[in-house]
Amino acid sequence: MTDDSGGTRILPAIAVGALFAVMAATFVSASFGEAAGFPEGESIVHNVGYALFNLSEAAAIPSEGFLAAFLIVAVALDVAVDGAIYLARREDGGSVSAAIGEALTDGGRDGGER
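Small disclaimer: the values here were computed from a predicted structure and weren't measured. Sequence order as written defines the numbering, with residues in each chain counted from 1. With pLDDT at 70 or above as the cut-off, local features in this predicted model cover only qualifying residues; side-chain atom pairs require 80 or more to be listed or tallied, and sums for whole chains, interfaces and linings still use all residues. Only hydrogens and water are set aside when side-chain values are computed; all heavy atoms of the structure are taken into account.

A.B. asks: Tell me what's going on with the overall build of the protein, and back it up with residues and numbers.
C.D. replies: Each helix is a run of H or I in the DSSP string that is no shorter than four residues. Each strand is a run of E no shorter than two, and both are numbered from the N terminus. Assigned secondary structure in the protein consists of three helices and two strands. In the protein, the succession of helices and strands from N to C terminus is α-α-α-β-β. Burial status across the protein gives 5% buried among its 114 residues. Here the contacts in the protein between residues at least 6 apart in sequence split such that 0% fall between residues at least 24 apart. Note on areas: Shrake-Rupley with a 1.4 Å probe; residue coverage comes only from the protein chains shown. Working note: accessible area of the protein is about 10000 Å², and carbon and sulfur atoms make up 65% of it. Only protein chains enter the calculation, and the probe is 1.4 Å; a residue is then buried if its accessible area is under 20% of its type maximum, exposed if over 50%, and partly exposed in between. Two residues form a contact once any of their heavy atoms are found within 4.5 Å.

Structural data, given as structure tokens:
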């Protein structure tokens, strides 16, 4: 393979090197506070569920609510399932038939009804 670009690869290489240097300096100089952890004896799973449905008054550990994100993900997954079902159907001679409707249940062996 030959490179006919005339040396124009040097600018992206310098940009990548500069980005690496900036990110490395950021990570090395970052300071983290003391680890907070969770209170002793509290259920983390229950508190995640409370946060998911914006039930902050029932949660023992304070957190942000995620009801909007939960509903958006639920709608997106519903659209994905509906799209998969729609794409799994095909038309044969003008009529819609399910893709699984013509599956060979005998493993494709000779004999038997088809």
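A.B. asks: Now, about the packing of aromatic side chains: what can you tell me, with residues and values included?
C.D. replies: Two aromatic rings, taken as a pair, are described by how far apart their centres are and by the angle between their planes. Only Phe, Tyr and Trp rings take part, Trp by its six-membered ring, and two of them pair if their centres are within 6.5 Å. Stacked means planes under 30 degrees apart, edge-to-face means over 60, and tilted covers everything else. Counted under the stated rule, the structure contains one aromatic pair. With a centroid separation of 5.0 Å and 70° between ring planes, the pair formed by Phe53 and Phe70 is classed as edge-to-face. Placement of Phe53 in the loop between α2 (44-52) and α3 (67-88) and of Phe70 in helix α3 is noted, with a sequence separation of 17 residues between them. Note on Phe70: relative accessible area 33%, which makes it partly exposed.

A.B. asks: I'd like a description of helix α1 (residues 10-29), backed by residues and values.
C.D. replies: One fewer than the residue count of a helix, multiplied by 1.5 Å, yields its expected span. Spanning 20 residues, α1 covers 28 Å between terminal C-alpha atoms, matching the ideal 28 Å at 1.5 Å per step. Of all 20 residues in α1, zero are buried, a share of ten percent or less.

A.B. asks: Before we move on, could you go through a nonpolar patch on the surface and cite the residues and values that matter?
C.D. replies: Each patch is built from residues lacking any salt bridge and having more than 30% relative accessible area; the joining distance is 9 Å for like charges and 5 Å for nonpolar side chains (Val, Leu, Ile, Met, Phe, Trp, Tyr). Whenever Lys or Arg places a side-chain nitrogen within 4 Å of a carboxyl oxygen from Asp or Glu, that contact is recorded as a salt bridge. On the surface, a nonpolar cluster with roughly 340 Å² of combined accessible area is contributed by Phe53, Leu55, Phe70 and Leu71. Of note, Leu71 is situated in helix α3.

A.B. asks: Outline the confidence of the model for the protein, listing residues and values.
C.D. replies: Each residue gets a pLDDT score, which is the predictor's confidence in that residue and runs from 0 to 100. Of the residues in the protein, 72% have a pLDDT of 70 or more, and the chain-wide mean is 80. Taken element by element, the predicted model of the protein shows its lowest mean pLDDT in strand β2 (residues 95-98) (59) and its highest in α1 (95).

A.B. asks: I'd love a proper account of unusual backbone geometry, names of residues and values included.
C.D. replies: Despite not being glycine, Asn54 has its phi angle at roughly 55°, a positive value. Note on placement: Asn54 falls in the loop between α2 and α3.

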